Amino acid sequence: MPARQTSDTPPLRNPLIAAACLFFVAGLAFAAIVFLAPAPQTGSAARTALDMPGEEEAVIEVAEMPPASPLVFAEGEADESLSLPGVRETHDVLGGEVEPPPGSNAARALALQRASNVPYAGLFEEGPGGPLPIIASDGRRPSSAYARPFEGEPGVPVIAVIVGGLGVSESLTQAAIDTLPPEITLSFVPYARDLQSWMNRARAAGHEVMIELPMEPFDYPNNDPGPHTLLADAGEAENMRRLHWLLSRASGYFGVTNYLGARLTGSEAALARIYGEVERRGLATFHDGAGRQGAASAAAARAGVPLALADRVIDGDPSTRAIDARLLELEALAIQNGHSLGSGFAYPVTVSALQSWAEGLERRGYQLAPASHVANIRAGRTGQDT
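We now examine the overall build of the protein. Within the protein, the regular secondary structure consists of 13 helices and 13 strands. For the protein, restricting intrachain contacts to residue pairs at least 6 apart in sequence, the fraction spanning at least 24 positions comes to 65%. Here the protein has roughly 22,100 Å² of accessible surface; of this, 56% comes from carbon and sulfur atoms.

The next point concerns the environment of Arg-263. Within the secondary structure, Arg-263 is located in helix H8 (residues 262-265). According to the relative accessible area criterion, Arg-263 is partly exposed, its value standing at 29%. For the pair Arg-263 and Asp-219, spaced 44 residues apart in sequence, the C-alpha to C-alpha distance is 8.4 Å. In contact with Arg-263, other than residues within four places in its own chain, are Glu-216, Pro-217, Phe-218, Ala-232 and Asp-233. Of note is the side chain of Arg-263, whose polar atom sits 3.0 Å from the side chain of Asp-233.

Moving on: the packing of helix H5 (residues 170-179) against helix H12 (residues 348-359). At a minimum axis separation of 10 Å, H5 and H12 run at an interaxial angle of 5°. Comparing the axis directions of H5 and H12 gives the class roughly parallel. Only Pro-348, Val-351 and Gln-355 of H12 make contact with H5, whose side of the interface consists of Leu-172, Ala-175, Ala-176 and Thr-179. Partitioned by chemical class, the residues of the contact of H5 with H12 number five nonpolar, two polar and no charged.

Another point: the packing of aromatic side chains. Following the criterion strictly, the structure yields four aromatic pairs and no others. Judged by centre distance (4.7 Å) and plane angle (50°), the rings of Phe-345 and Tyr-347 are tilted. The exposure class of Phe-345 is partly exposed, given its relative accessible area of 32%. Tyr-347 gets classed as partly exposed once you look at its relative accessible area, which sits at 34%. Sitting over the face of the ring of Trp-198, Arg-201 holds its NZ or CZ atom 4.1 Å from the ring centroid.

This part covers helix H6 (residues 195-204). Within the sequence span of H6, burial applies to Leu-195, Trp-198, Met-199, Asn-200, Ala-202 and Arg-203. Buried-residue contacts for H6 involve helix H3 (105-115), H5, strand E6 (185-188) and strand E7 (209-215).

Another point: the pattern of salt bridges. Where charged atoms from two side chains of opposite charge approach closely, those side chains can pair. One pass over the structure, following the stated rule, counts 15 salt bridges. For the salt bridge of Asp-138 with Arg-140, the shortest nitrogen-to-oxygen distance reads 3.0 Å. Exposure remark for Asp-138: the relative accessible area of 55% places this residue in the exposed category. The residue Glu-279 makes a salt bridge to Arg-141 at a minimum N-O spacing of 3.3 Å. Highlighted residues: Glu-279 in helix H9 (residues 268-280) and Arg-141 in the loop between strand E4 (131-133) and helix H4 (142-145), separated in sequence by 138 residues. Across this residue pair, the class does not change: Glu-279 and Arg-141 are buried. Each member of the salt-bridge network shares a partner with another, and the members are Glu-125, Glu-277, Arg-280 and Arg-281.

When the pLDDT values of the protein are averaged, the result is 82; 73% of them are 70 or greater. Segment residues 1-18: pLDDT under 50, and four contacts once partners within four positions in sequence are set aside and those in other chains are kept. A low-confidence stretch, residues 33-91 stays under pLDDT 50, and its non-local contacts, those more than four residues away or across chains, total 28 contacts.

Looking along the chain, the bond that leaves Val-118 and enters Pro-119 is cis, with omega of 0°. For Pro-119, the location among the structural elements is in the loop between H3 and strand E3 (124-126). Cis peptide bonds are those with omega within 30 degrees of zero, and the linkage from Tyr-220 to Pro-221 qualifies with 5°. Inspection of the secondary structure assignment puts Pro-221 in the loop between E7 and helix H7 (236-247). Phi is positive for His-228, which is not a glycine, with a value near 65°. By secondary structure assignment, the location of His-228 is in the loop between E7 and H7. The class for His-228 is partly exposed, based on a relative accessible area of 21%.

Here the focus is the environment of Leu-368. One can find Leu-368 in strand E13 (residues 367-368). Along the primary structure Leu-368 and Ile-184 are separated by 184 residues, whereas in three dimensions their C-alpha atoms are 7.6 Å apart. Leave out the neighbours within four places in its chain, and Leu-368 touches Phe-150, Ile-159, Pro-181, Glu-183, Ile-184, Trp-357, Ala-358 and Leu-361.

Think of an α-helix as 3.6 residues a turn; residues three or four steps apart then line up on the same face. For H5, the complete set of buried residues consists of Thr-173, Ala-176 and Ile-177. Each buried residue of H5 sits inside an arc of 95° when the element is viewed along its axis, so together they form one side. Those residues of H5 that are exposed and aimed more than 90 degrees away from the buried face are Ser-171 and Asp-178. Against the buried residues of H5 lie strand E5 (158-166), E6, H6 and H12.

By size, the foremost hydrophobic cluster in this structure holds 57 residues, and its most contacted members are Leu-186, Phe-188, Leu-213, Leu-247, Leu-354 and Trp-357. Broken down by element, this core gets its largest block of residues, six residues, from H9. Beyond its immediate stretch of four places on either side in the chain, Leu-247 contacts Pro-131, Leu-132, Pro-133, Ile-211, Leu-213, Tyr-253, Val-256, Arg-281 and Leu-283. Residues Val-158, Ala-308, Ala-310 and Ala-371 belong to the second largest nonpolar core, which totals 20 residues.

Calculation rules
Note that residues are indexed from 1 along each chain, following the sequence as it is written. A pLDDT threshold of at least 70 governs which residues receive local features in this predicted model, and a stricter bar of 80 or more applies before side-chain atom pairs are shown or counted, although totals over entire chains, interfaces and linings include all residues. The side-chain quantities take in all heavy atoms of the structure and omit both hydrogens and water. Where helices and strands are cited, they refer to DSSP runs of H or I of at least four residues and of E of at least two residues respectively, numbered from the N terminus. We call two residues contacting when some pair of their heavy atoms lies within 4.5 Å. Here the accessible surface of atoms and residues is derived via Shrake-Rupley with a 1.4 Å probe, and residues count as covered only by protein chains that are part of the display. Partly exposed residues are those whose accessible area sits between 20% and 50% of the maximum for their type, while under 20% is buried and over 50% is exposed, using a 1.4 Å probe and protein chains only. Between N or O atoms, a polar contact is any pair within 3.5 Å; within protein, one atom must be a potential hydrogen donor and the other a potential acceptor, and residues adjacent in sequence are included only when both atoms are from side chains. Only the stretch in contact is used when a helix axis is fitted, and all axes are lines through C-alpha atoms; the angle between N-to-C directions ranges over 0 to 180 degrees. In this scheme, roughly parallel covers angles under 35 degrees and roughly antiparallel covers those over 145, while 65 to 115 is roughly perpendicular and the rest are oblique. For this classification, Asp, Glu, Lys and Arg are treated as charged, while Ala, Val, Leu, Ile, Met, Phe, Trp, Tyr, Cys and Pro are nonpolar and the rest, including Gly, are polar. Stacked, edge-to-face and tilted are the three classes for Phe, Tyr and Trp ring pairs, Trp counted by its six-membered ring, which pair at centre distances within 6.5 Å; planes under 30 degrees apart are stacked, over 60 edge-to-face, the rest tilted. Sitting over a ring, as applied to charges here, requires NZ of Lys or CZ of Arg to be within 6 Å of the ring centre and within 35 degrees of the ring normal. Salt bridges are identified by distance alone: a Lys or Arg side-chain nitrogen within 4 Å of an Asp or Glu carboxyl oxygen. For every residue, the predictor assigns a confidence score, pLDDT, that lies between 0 and 100. Starting at the helix axis, one direction is taken to each C-beta atom, and the arc is that of these directions. Residues enter a nonpolar core if they are buried and are Ala, Val, Leu, Ile, Met, Phe, Trp, Tyr or Cys, with the set joined through side-chain atoms within 4.5 Å.

Dropping the structure here:
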């Protein structure tokens, strides 16, 4: 049997065995690096070096994490420096010292907030439906406190217009508030839903506002102005009860005007008592100019009350042609007397006609003024502080 041959090649020269040994040694070296390397630095940025064959050492910057916020949300505690998005802007609008730019959303919000701040201190008492206007102990009157200020140019004819019937139709009311010049006075129905909100919006847009008193027409109750209508044959106590309910429906109005009322106007004594109570509470008194103007003037004279009578009802015929003709008559009366006063209803055609007419009024040599200004002129008052 031939002798067994033995290899004279050392075992490590076997390629498979050599590879296995090299893999084992590499594993030990990797473990030594991971487990024996010093812990990474804390505080300032840590630096980690990677050896890359054939390249210079690369350094990766690891940004330091900021310390945890000490803010604690606990009952009764707050961090005054915290300002969530919109909080600071709201603060500026509702009470901060920064005045927002005119025409901005913030400016409109501020105007509404200021207009909603009614009734003013000292100018009201509790009434059956809410605050009831009164003259303050220092003599301040709602008729001046809530009127729109007006600085007119001496010698330039003045025209004022009252647009009434507002608060019942949301679309018509909003259109009148938004599109009519702020010098035009707006008059609201006392039965309107959210009456105070509507009045606040109108005042925020720059309009002064009035409230309408429903008065008995000839064909009452077939033609019924609404609950708490002031009646020709009602006793004084009953009419006062009704009047106080109407006047306490909202705040911020400077005066009152009639809604209908042909029969009550013919009862001089009853109307005089109503006018007297309105004056006693510091409100301005108006009449829309429809019907028997002489009877209304006689009742006001009997009560010793200044009454501002409208010179024209501008939309008795609610057509553009007729409204334009009445507005021209107001211009003629303003030249003749120095001032004139018109009244109308919030028909779409009326609002549109007033918009167009007012745009060129100054160029034609007139001033558009709030109704309170004409009332002061006719009452012989030189300003709105009376």
